[in-house]
Amino acid sequence: MKFTQYEIVELKKISSLEGVPMIFNEDVNNSIDFDFANNKSIQSIIKKGHDGYMINARNSNGTDFYYQSDKFDHFKNQVCNWVKAIKRDNPYEFEQKENIKNICEKFYLVFQEATIIDELGFKESSGMIFRKALEFIVKDFLKILIPDFQNTINEKTIGQIIFYFYDVENDHLVIKGKPEFSSVHEELNTIKVLAKKIRNTFKIGNDFSHYERKLIEFTTEDLKLSILQIVTFIDNLVEERKLQIKRSEQDDEFKIDKLI
């Protein structure tokens, strides 16, 4: 027997509400594989038959778990308890870079929501939320990097921001020759390669919000990976700047030493 659309949505909501990344696959036999995305050994099969609902699973401690009921609400509660036990015994958190958390408090929260929804199979919705996470980290980073342009950054979309500062020449971004950009020319030149990556990634994310997608060759996995690459670039740039400051302070300290 097939699960109703209501039952499928209710089962998916368990993982989303508990904040646990679960892979949700419906197979050809009308059963559901409901597995913990962060630990491939924790798996389950959920079926619906004439005798009711059944889950045959592996517990978070490695033991087997089986439950059957002809009442969907009772069954759903047992599945929920199973997921809660997984969450308790396998705390799930992204590897969060301290620099990124300091730049943008909301980024990891939104990015994790998008990842959980994506694992549940809601690809269109997760694509839009991934784009939201990208907008948070990029705007907050730019406001720190070039604080004199905060109003512009707040008011414009990511795509508009990129083309506010750069022109396109032979598929490359070139800093516009506006006098007001002279004070941030070094910063804009440093992130020129990053700006191109940001623009392309935001365009992919934005495509998920359209009625008819045009960039269908790109998946949410591509979007997620690209955002993580951007985050790594920003993190490395912040670390480099910290090191430069330390070296400068050390140089100043050494300059006062006299030869003996």
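Here goes a summary of the coordinates provided. All of these numbers come straight from a predicted model, not from anything done at the bench. (Residues numbered from 1 in each chain as written. Predicted model: local features only at pLDDT ≥ 70, side-chain atom pairs only at ≥ 80, totals over all residues. Heavy atoms only, no water.)

Before going further, it helps to examine the side chain of lysine 76. Mapped onto the elements, lysine 76 comes out in helix α2 (residues 72-89). Apart from the residues lying within four places of it in its own chain, the contact partners of lysine 76 are Glu10 and Ile14. (Helix = DSSP H or I, 4+ residues; strand = E, 2+ residues; numbered from the N terminus. Contact = heavy atoms within 4.5 Å.)

On to the pairing of strand β6 (residues 166-169), then. Pairing analysis gives four bridges linking β6 to strand β7 (residues 172-175), with the strands arranged antiparallel. By the bridge assignment for β7, tyrosine 166 is matched with isoleucine 175. (Pairing = 2+ DSSP bridges.)

What follows deals with the pattern of salt bridges. A side chain with one charge may pair with a side chain of the opposite charge, provided their charged atoms come close. The final tally for this structure, using the stated rule, is twelve salt bridges. Between lysine 48 and glutamate 7 there is a salt bridge, with the nearest N and O atoms lying 3.1 Å from each other. A residue pair is termed long-range when its members are at least 10 positions apart, and lysine 48 in strand β3 (residues 44-49) and glutamate 7 in helix α1 (residues 5-18) qualify at 41 residues. Each member of the pair, lysine 48 as well as glutamate 7, carries the same accessibility label: buried. Note that lysine 176 is salt-bridged to aspartate 167, the shortest N-O span being 4.0 Å. Here aspartate 167 falls in the partly exposed class, since its relative accessible area comes to 37%. A network of salt bridges, in which partner residues are shared, links Glu10, Lys13 and Lys76. (Salt bridge = Lys/Arg side-chain N within 4 Å of Asp/Glu carboxyl O. Buried < 20%, exposed > 50% of the residue type's maximum accessible area, 1.4 Å probe, protein only.)

As a further point, take the sheet that holds β3. Ordered by their spatial adjacency, five strands build an open sheet running β1-β2-β3-β4-β5, and the pairing between neighbours is antiparallel. At either end of the open sheet lies a strand with only one pairing partner, and these are β1 (22-26) and β5 (64-69). On average, each strand axis in the sheet is inclined to that of its neighbour by 15°, with strand direction left out of account. With six bridges joining them, strand β4 (residues 52-58) and β5 adopt antiparallel strand pairing. Along β5, the bridge assignment pairs arginine 58 with aspartate 64. (Axes fitted to C-alpha atoms, helices over the stretch in contact; angles between N-to-C directions.)

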